[in-house]
Amino acid sequence: RTMVYCCRSFSPLTACLSIVASQVILLTVNGKQLFFYVAGPGLRPRGGVLAEVPTLLLLHGGPGSYHSAVKAPLLPLAEHYQLVWIDHRGNGRSAQSDPVHWTLDQWADDVRAFCDALGIVKPIVLGQSFGGVVAQAYGARNPGNPGKVIFTSIGGRWEFEPSLKRVAEHGA
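Per chain, residue numbering runs from 1 following the sequence as it is written. Restriction of local features to residues with pLDDT of at least 70 applies here, the model being predicted, together with a cutoff of 80 or more for giving and counting side-chain atom pairs; totals for whole chains, interfaces and linings are based on all residues. To obtain the side-chain values, all non-hydrogen atoms of the structure were included, while hydrogens and water were left out.

Participant: Could you give an account of the pairing of strand β8 (residues 124-128), naming the residues involved and the relevant values?
Facilitator: Relative accessible area decides the class of each residue, using a 1.4 Å probe on protein chains only: under 20% of the type maximum gives buried, over 50% gives exposed, and in between gives partly exposed. Secondary structure elements are defined from DSSP: runs of H or I of at least 4 residues count as helices, runs of E of at least 2 residues count as strands, and each element is numbered from the N terminus. Of all five residues in β8, four are buried; the element is thus mostly enclosed. Whether two strands pair comes down to DSSP finding at least two bridges between them. With four bridges connecting them, strand β6 (residues 55-59) and β8 associate as parallel partners. Bridge assignment links L58 to a residue of β8, and that residue is L126. In the sheet, β8 pairs with strand β9 (residues 148-152) via five bridges, with the strands oriented parallel. Bridged to G127 within β9 is F151. If the strands point away from the viewer and the path from the first strand over the helix to the second runs clockwise, then the crossover is right-handed. At this point the chain moves from β8, through helix α4 (residues 130-141), to the parallel β9, and the crossover so formed is right-handed.

What follows is the structure in structure tokens.
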């Protein structure tokens, strides 16, 4: 079951996200609350009517990090896009979860369920570092769902298990 906490009415939800631009919001996806932050309205006046602007979905590095680390440099893009940062499950201000669920498939499925719950269609997904690896998994598991995918600072090879072990030992 998906639950959104952002405003009294969320029909359509993209309009709700437009109203709560630059807000912190929690969304329950796949049984866990994901923390996310929105900057910029999703609907803007153009030619006397409200028109949707593209959604830029931002996936942070980590694991064990959160969206604020990359927020400030990207905020100017809110002039042209609705920016939506997600803290992955078990990261940042999202709900903690059992490390057994810290898999690329789960994180990718969370991105898809997040977009579906909010009615985000064909997002431009920017994945930084570990977020780029999640973006790759999301795109591979959901061909045609992302509109575009941008990768920054990702490696050609990912040694996932040692990273998870370090996060589990030291906390997220």
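Participant: Which residues make up the nonpolar core, and what are the values?
Facilitator: F36, L57, L59, V111 and F114 are the most contacted members of the largest nonpolar core, which has 25 residues in total. Those elements that provide at least two residues to this core are β2 (23-29), β3 (32-39), β6, β7 (82-86), α3 (104-118) and α4. Looking at which element gives the most residues to this core, the answer is α3, with seven residues. L56, L74, W85 and I124 belong to the second largest nonpolar core, which has 11 residues in total. What is meant by a nonpolar core is a set of buried Ala, Val, Leu, Ile, Met, Phe, Trp, Tyr and Cys residues, joined one to another through side-chain atoms within 4.5 Å.

Participant: Break down the confidence of the model for the chain for me, citing the residues and quoting the values.
Facilitator: By definition, pLDDT measures how confident the predictor is in each residue, and it falls between 0 and 100. Residue-level pLDDT values for the chain average 80, and 79% of them are 70 or greater. Between the elements of the chain, mean pLDDT differs from a low of 38, seen in strand β1 (residues 3-5), to a high of 94, seen in β6.

Participant: Give me the pairing of strand β4 (residues 43-46): which residues, what numbers.
Facilitator: As judged from the four bridges shared by β4 and strand β5 (residues 49-52), these two strands associate in the antiparallel manner. In the strand pairing of β5, R46 is matched with V49. The antiparallel pairing of β4 with β5 creates a hairpin that spans two residues between the two strands, and G47 there sits at a positive phi of about 60°.

Participant: Provide a residue-level description of unusual backbone geometry, including the pertinent values.
Facilitator: What you tend to see is this: most non-glycine residues have negative phi, and most peptide bonds are trans. Positive phi, normally seen in glycine, also occurs at K122, with a value near 50°. Mapping K122 onto the fold places it in the loop between α3 and β8. Among the residues examined, K122 registers a relative accessible area of 47% and is labelled partly exposed. Not every positive phi belongs to a glycine, and S129 is a case in point at roughly 55°.

Participant: Pulling in residues and values, what's your account of α4?
Facilitator: For α4, spanning 12 residues, the distance from its first C-alpha to its last is 17 Å, which sits close to the expected 16 Å at 1.5 Å a residue. Taken residue by residue, α4 has F130, G131, G132, V133, V134, A135, A137 and Y138 as its buried positions. A helix is expected to span 1.5 Å for every residue after the first.

Participant: Now, about the environment of P41: what can you tell me, with residues and values included?
Facilitator: Position of P41 relative to the elements: it lies in the loop between β3 and β4. On the basis of relative accessible area, P41 is assigned to the partly exposed category, the value being 28%.

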